[in-house]
Structures are given as C-alpha cells and as structure tokens.
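For reference, the chains in residue letters:
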Amino acid sequence: QVQLVESGGGLVQAGGSLRLSCAASGTFVSIDAMSWYRQAPGKQRELVATITGGGTTHYADSVKGRFTISRDNTKNTVYVQMHSLKPEDTAVYYCNAYIFRLGLGLRAYWGQGTQVTVSS
C-alpha cells in the first residue's frame, strides 16, 4: 500500500508565499517522477510542475519564475515553493508520483489534495 499526503495549504494574501509538501509512505522500492497539479472550481486539473527522478524540473508557463519544485529523496517528499501568489493560483493542489512496487511495477499515485486560497 502507498499513500501520498499533502500539507501546507492555506489562505494567503496576493503577493504572499506558501510551501506545499507531499510525503510518500508505504511499501515500495523507489519513486520516479513527482509532480504537482491543481484544479480550480469549474476548471480541469492542470499540471503545475514536475521533477524527474534525475532532478530535472518543468513548469507550467503560468507559474514559471514564481514556483519552485524540489524533492528530498531521503524523506520521500516533494515540495513546491510558491512566491508572488495571485488570486488565479487559488485551487486544490494535488501531488502525483510514479512509484515502483515489487510485483506491481511502476504506476501513478495521487494525494488527496490541499486547498490554496489567495485573497486579493
């Protein structure tokens, strides 16, 4: 069994900062790419940022220069540091990870989501 648990969401003012964390736990061999997605009310879920197993990062144009994704493999945790937050960043943020498990191979797992609200 594998769990991804997000934390760090909350209410911030426009221009503020927030750091989200997502920790993987359970029985698995390794974690490959980890990503952050978000979904605002009435909108489709969108990819925010990805960090590969080798540490290469990718960002959506809407957050490039403001968000930084990182990971701590010792803690099986992915982070996103968010600066200069805008009201349009308001969404439920979800973490995603490709995890290899013995007998099951590599597949994607999702966290439960954490709410980020940016006030104007």
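Before reading on, note that the structure itself is shown above.
Below you will find a few notes about this structure.

**Comments concerning the state of the cysteines**
Thought 1: Considering all chains together, one arrives at one disulfide under this definition.
Thought 2: Between the sulfur atoms of C22 and its disulfide mate C95 the distance is 1.9 Å. Residue C22 is located in strand β3 (residues 18-26), and its partner C95 is located in strand β9 (residues 91-101); the two are separated by 73 residues in the primary sequence.
Thought 3: What makes C95 buried here is its relative accessible area of 1%.

**Thoughts on the sheet that holds strand β1 (residues 2-7)**
Thought 1: Pairing is antiparallel in the open sheet, where four strands are placed in the order β1-β3-β8-β7. In this open sheet, the two strands that pair with only one neighbour each are β1 and β7 (67-72). Strand-to-strand twist in this sheet, taken as the mean axis angle between neighbours without regard to direction, amounts to 15°.
Thought 2: Where β1 meets β3, six bridges bridge the pair, whose relative direction is antiparallel. Note on β3: the bridge partner recorded for V5 is A23.

**A word on the environment of S21**
Thought 1: With respect to the helices, strands and loops of the structure, S21 is situated in strand β3.
Thought 2: Residue classification places S21 among the buried positions, given a relative accessible area of 16%.
Thought 3: Note: C-alpha distance between S21 and H58 (37 residues apart in sequence) is 17 Å.
Thought 4: The residues touching S21, leaving out its near neighbours within four places in the chain, are V5, E6, S7, W36, T77, V78 and Y79.

**A closer look at a nonpolar patch on the surface**
Thought 1: A surface patch of nonpolar side chains, amounting to about 500 Å² of accessible area, comprises V29, Y98, F100, L102 and L106.
Thought 2: Note that L102 resides in the loop between β9 and β10 (105-110).
Thought 3: Here L102 falls in the exposed class, since its relative accessible area comes to 71%.

Conventions adopted
- Throughout, residues of each chain are indexed from 1 in the direction in which the sequence is written.
- Totals for whole chains, interfaces and linings use all residues, but because this is a predicted model, local features are given only for residues with pLDDT of at least 70 and pairs of side-chain atoms are given and counted only at 80 or more.
- Note: side-chain values were computed over all heavy atoms of the structure, leaving out hydrogens and water.
- In this description, a disulfide is simply a cysteine sulfur pair whose atoms lie within 2.5 Å.
- In this text, helices come from DSSP runs of H or I with a minimum length of four residues, and strands from runs of E with a minimum of two, each type numbered from the N-terminal end.
- Think of it in three bands: residues with accessible area under 20% of the maximum for their type are buried, residues over 50% are exposed, and the middle band is partly exposed, with areas taken using a 1.4 Å probe on protein chains only.
- DSSP bridges decide pairing: two strands pair if at least two such bridges lie between them.
- The angle between two axes is taken between their N-to-C directions and runs from 0 to 180 degrees, where each axis is a line fitted to C-alpha atoms and a helix contributes only its stretch in contact.
- In this analysis, two residues are considered to be in contact whenever any of their non-hydrogen atoms come within 4.5 Å of each other.
- Each patch is built from residues lacking any salt bridge and having more than 30% relative accessible area; the joining distance is 9 Å for like charges and 5 Å for nonpolar side chains (Val, Leu, Ile, Met, Phe, Trp, Tyr).
- Using the Shrake-Rupley algorithm and a 1.4 Å probe, accessible areas are obtained, with residue cover drawn only from the displayed protein chains.
- What makes a salt bridge here is a side-chain nitrogen of Lys or Arg within 4 Å of a carboxyl oxygen of Asp or Glu, nothing more.

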